[in-house]
Amino acid sequence: MRALVAIRPFHGHFHPVAPIAAALRDAGHDVAFATESRFCEVVERSGFHVFPAGLDPWAGEEFGVEATARKTADLLGIAKGWRPDVVLRDPTDFGAVVAAEVLDAPHVTIGFSRFMPRSFWSRVIGPAVDSVRGRYGLTPDPALERLFAWLYLDTVPPWFQRADGPPADVARAVRPELFEAPAPDGATGLAPPAGPAGLVTLGTVYNRRAELLGLLC
């Protein structure tokens, strides 16, 4: 089986997905990632094959018609020479949903954070996905019903998941695994703390505002 894993170019989107991709690879399946070109090096360094696909979210719109259309087109271009049997996606990669339906392939959502319902995504992306669907002759989906039409792998512990979590008919609980990415050439790790330590993250939205970390010091 060939599995194409579509992610947006963030460490916080790659690391939760990598263990599942690795498990597929170790089981003998062909696995390849598809993400924005500047992030490809990170994926390759972790031992995965990767295709460049999509726009740089820091250079323009993160969501919307242009971003969705470009990711869809790039994924379909990849599929011409590397036709996947299944498409896996992070929950914020909407081009993967459209491309999978054009290819008549199932798409699996890897839920690595609390479930965001369709009503939430409708406010964030508006009619962008439906606009791109129309370019490929797919039926309209204004309510985004196709976002979770197939399997949803939920790595979020039940105690942390929303009460209105992923649709029960497609959701399957998966134990999350930590992924330790190789350090870049020349990089050195942090010395282990002498006493109790806490890990602070700015997530994938504010991680370029390093001055926020200074507020904790």
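Residues numbered from 1 in each chain as written. Predicted model: local features only at pLDDT ≥ 70, side-chain atom pairs only at ≥ 80, totals over all residues. Heavy atoms only, no water.

Engineer: Quick rundown of the side chain of Gln161? Include the residues and the values.
Structural biologist: Of note, Gln161 is situated in the loop between β6 (152-154) and β7 (171-173). A distance of 3.1 Å separates the side chain of Gln161 from the side chain of Asp154, its partner in a polar contact. In contact with Gln161, not counting residues within four places along its chain, are Ser113, Arg114, Phe115, Asp154, Val156 and Pro166. (Helix = DSSP H or I, 4+ residues; strand = E, 2+ residues; numbered from the N terminus. Polar contact = N/O pair within 3.5 Å; in protein donor to acceptor, adjacent residues only side chain to side chain. Contact = heavy atoms within 4.5 Å.)

Engineer: So what's going on with helix α6 (residues 128-135)? Which residues, and what values?
Structural biologist: Restricting attention to buried positions, one finds in α6 the residues Ala128, Val129, Val132 and Arg133. Buried residues of α6, viewed axially, fall in a sector of 135°; they line one side. As for α6, its buried residues are in contact with α3 (65-81), α4 (95-103) and α5 (118-125). Just past α6, the residue Gly137 takes up positive phi, approximately 75°. (Buried < 20%, exposed > 50% of the residue type's maximum accessible area, 1.4 Å probe, protein only. Arc of directions from axis to C-beta.)

Engineer: Just give me the short version of the packing of α3 against α4, but keep the residues and values in it.
Structural biologist: Where α3 contacts α4, the axes come no closer than 8 Å and their chain directions differ by 40°. Relative to α4, α3 is oriented oblique. Between α3 and α4 lies a crossing whose hand is right-handed. Where α3 approaches α4, its residues Thr68, Lys71, Thr72, Leu75, Leu76 and Ala79 are matched on the opposing element by Gly95, Ala96, Val98, Ala99, Val102 and Leu103. Considering only residue class, the contact of α3 with α4 consists of eight nonpolar, three polar and one charged. (Axes fitted to C-alpha atoms, helices over the stretch in contact; angles between N-to-C directions. Parallel < 35°, antiparallel > 145°, perpendicular 65-115°, else oblique. Left-handed = near helix turned anticlockwise from the far one by under 90°. Nonpolar A, V, L, I, M, F, W, Y, C, P; charged D, E, K, R; others polar.)

Engineer: Would you mind going over the sheet that holds strand β4 (residues 86-89) in detail, with residue names and values included?
Structural biologist: In spatial order, the strands read β3-β2-β1-β4-β5-β6-β7; together these seven strands make up an open sheet with parallel pairing. Where the open sheet ends on each side, the last strands, each with one partner, are β3 (49-52) and β7. Geometrically, the sheet is characterised by an average inter-axis angle of 25° between neighbouring strands, direction not taken into account. Two strands pair when backbone bridges link them, and strand β5 (residues 107-111) and β6 are joined in this way by three bridges, in the parallel orientation. Across the sheet, residue Gly111 finds its bridge partner in β6, namely Asp154. Here helix α1 (residues 11-26) sits on the sheet and contacts β1 (2-6), β2 (30-35), β4, β5 and β6; the angle it forms with β2, its principal contact strand, is near 155°. Each of β1, β2 and β3 touches α3; the most contacted strand, β1, lies at about 160° to it. (Pairing = 2+ DSSP bridges.)

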